[in-house]
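Reading the structure
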Amino acid sequence: MTLTNDNGKVLIENWVEDRACEGYDKGKPAPLVNRYGHEGIISINKDGTGSISTTVRETYRPPSGNKIRQKGSRLSLREEAVYAQVSSEVAEEVKPPKIVPDYQSTMHKDYKKEFNSDWPEPV
């Protein structure tokens with residue numbers, strides 16, 4: 001929710017912060033302050049640039065280890081093929097047998113009677 005005051009549009013919760021920063025914004029138009037922020041709050045040095053150092057950049061270590069390939073491409077492909085074959089065989093052993101459902105009704109199961117036609121033979 002935004003409300004307007006004499007300094008432009010601000011959030012209701014930010015009015016205390018904006019009043020505390022009025023001393024830094026003397027002689028600057030409000031749109032420039034809203035766009036570029038307040039000068040002199042984080043650093044007094046106006047021409048200084050911020051540090052590009054971050055925690056991730058400071059603590060990052062490149063992965064160590066041997067950069068030379070330990071296995072050849074044929075060996076790795078052969079290992080993958082053997083692994084796939086063995087896993088498929090194990091899956092076949094573990095998989096339960098397929099159950100074929102019987103969709104006959106009780107009447108059809110219990111009362112099987114051969115049908116004898118009483119119709120005369122065609123002439």
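Rules used in this analysis
- Here the residue numbering is sequential within each chain, running from 1 through the sequence in written order.
- For a predicted model such as this one, the threshold for reporting local features is a pLDDT of at least 70, and the threshold for listing and counting side-chain atom pairs is 80 or more; totals across whole chains, interfaces and linings nevertheless cover every residue.
- Only heavy atoms go into the side-chain values, all of them from the structure, while hydrogens and water stay out.
- The helix count covers DSSP runs of H or I at least four residues long, the strand count covers runs of E at least two residues long, and both are numbered beginning at the N terminus.
- Only protein chains enter the accessibility calculation, which uses a 1.4 Å probe; a residue whose area is less than 20% of its type maximum is buried, one above 50% is exposed, and one in between is partly exposed.
- Accessible surface is estimated by sampling points in the Shrake-Rupley manner with a 1.4 Å probe; for residues, cover comes only from the protein chains shown.
- Salt-bridge detection follows one rule: a side-chain nitrogen of Lys or Arg within 4 Å of a carboxyl oxygen of Asp or Glu.
- Nonpolar side chains (Val, Leu, Ile, Met, Phe, Trp, Tyr) within 5 Å and like charges within 9 Å form the patches, drawn only from residues with over 30% relative accessible area and no salt bridge.
- Note on scores: pLDDT gives the predictor's confidence for each residue, bounded by 0 and 100.

A few words on the overall build of the protein. Scanning the protein for helices and strands turns up five helices and two strands. Each helix (α) and strand (β) of the protein, taken in turn from the N terminus, gives the series β-β-α-α-α-α-α. The proportion of buried residues among the 123 residues of the protein is 5%. Within the structure as shown, the protein displays about 12,900 Å² of accessible surface, and the carbon and sulfur contribution to it stands at 56%.

So, on to the pattern of salt bridges. For the structure shown, the criterion picks out three salt bridges. A salt bridge links Glu79 to Lys71; the nearest nitrogen and oxygen atoms lie 3.0 Å apart. Relative accessible area serves as the criterion here: at 36%, Glu79 is assigned to the partly exposed category. A residue is classified by how much of its surface remains accessible, and Lys71, at 42% relative accessible area, is partly exposed. For Lys109, the salt bridge goes to Asp102, with nearest N and O atoms at 3.5 Å.

Together, Val82, Val86, Val90 and Val94 give the surface a local cluster of nonpolar side chains, amounting to about 340 Å² of exposed area. Its place among the elements puts Val94 in helix H4 (residues 73-94). On the accessibility criterion, Val94 (65% relative accessible area) is exposed.

In this model, the protein carries an average pLDDT of 80, and 86% of its residues clear a pLDDT of 70 or more. For the protein, the element scoring lowest by mean pLDDT is strand E1 (residues 2-5), at 51; H4 scores highest, at 95.

This paragraph deals with the environment of Gly40. Here Gly40 shows up in the loop between helix H2 (30-36) and helix H3 (55-59). The spacing of Gly40 and Cys21 is 19 residues in sequence and 9.5 Å in space, taken between C-alpha atoms.

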